[in-house]
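Inside the fold
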Amino acid sequence: KGGATYSTFKGADAKNYDSRLGYAAGIFYQQHINELIGIQIEALYTSRGAKIEAGNTEASFRYNYVDVPLFLHVSAGGLFFDLGPQASFMVKAKQITETTSNNTTVSTKKDVTDHPYTIDLGYAAGIGYRGASNIGLEVRYTGGLKDIDDEGPFVGQERRNSTIFLMLSYLFY
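Computed from a prediction, not measured in an experiment: that's the story for all the values here.

The rules behind each value
Residues numbered from 1 in each chain as written. Predicted model: local features only at pLDDT ≥ 70, side-chain atom pairs only at ≥ 80, totals over all residues. Heavy atoms only, no water. Phe/Tyr/Trp six-rings, centres within 6.5 Å; stacked < 30°, edge-to-face > 60°. Buried < 20%, exposed > 50% of the residue type's maximum accessible area, 1.4 Å probe, protein only. Lys NZ or Arg CZ within 6 Å of the ring centre and 35° of its normal. 1 Å grid on protein atoms, 1.4 Å probe; cavity = no way out; pocket = protein on both sides within 12 Å on 5 of 7 lines; lining within 4 Å. Points joined across faces, edges and corners; volume = space filled by probe spheres on them. Helix = DSSP H or I, 4+ residues; strand = E, 2+ residues; numbered from the N terminus.

Throughout the structure, instances matching the rule amount to eight aromatic pairs. When the centroid spacing of 6.4 Å and the interplanar angle of 70° are considered together, the rings of F61 and Y63 count as edge-to-face. The same class applies to F61 and to Y63, which are both buried. Consider the rings of Y170 and F172, whose centres lie 4.8 Å apart with planes at 80°: the pair is edge-to-face. On the basis of relative accessible area, F172 is assigned to the exposed category, the value being 69%. Taken together, the aromatic side chains of F9, Y17, F61 and Y63 make up a single cluster linked through ring pairs. A cation over an aromatic ring shows up here: R140 above the ring of F165, its NZ or CZ 5.9 Å from the ring centre. Taking the ring centre of F61 as reference, the NZ or CZ of R159 above it sits at 5.3 Å.

This is the structure:
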């Protein structure tokens, strides 16, 4: 399973953030209870984050997680719906700042892996279609249930992860 992410931050202190593109890739296991209902567990490496501009400076936050959602999977005639909780484990986080002055751009990268919480709990919901060839296309939304920062300059601010996924998958039987 793999695809693109479109992520930003949500919350009272995240109003000026813009979305950024990222990626997701991983594996999933699906077990049907009957023809209609089953469960699905996944392990996805996901790139998330957001961007913000202030004057001549743009800061980009690139947060990489291993997402482990557990879904109630409902499927009928190729169409499927997934809904369930998700735990996300921080792997790496960077803040990239670009400042432009007099037609010159200075870029700095800073490892901020110790600033966000190492575990982000949230929810996920998706809809998709899997054809007879076992290739699936899905759109998913994941949202964080708690603020992401526990240290550093953003501690105490209300910022949560918010991500839209567009993914292709192949189901082995």
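After that view of the structure, there is still more to cover.
For the largest pocket, the calculated volume is near 180 Å³. Forming the walls of the largest pocket are 13 residues, and the residues nearest its centre are S75, G78, R130, L171 and Y173. Among the secondary structure elements, those contributing two or more residues to the lining of the largest pocket are strand 2 (20-32), strand 4 (57-76) and strand 5 (79-101).

One non-glycine residue, N102, lies in the positive phi region at around 50°. Along the chain, the position of N102 falls in the loop between strand 5 and strand 6 (104-111). A relative accessible area of 72% places N102 in the exposed class. For N103, which is not glycine, the phi dihedral falls at a positive 60°. Looking at the secondary structure, you find N103 in the loop between strand 5 and strand 6.

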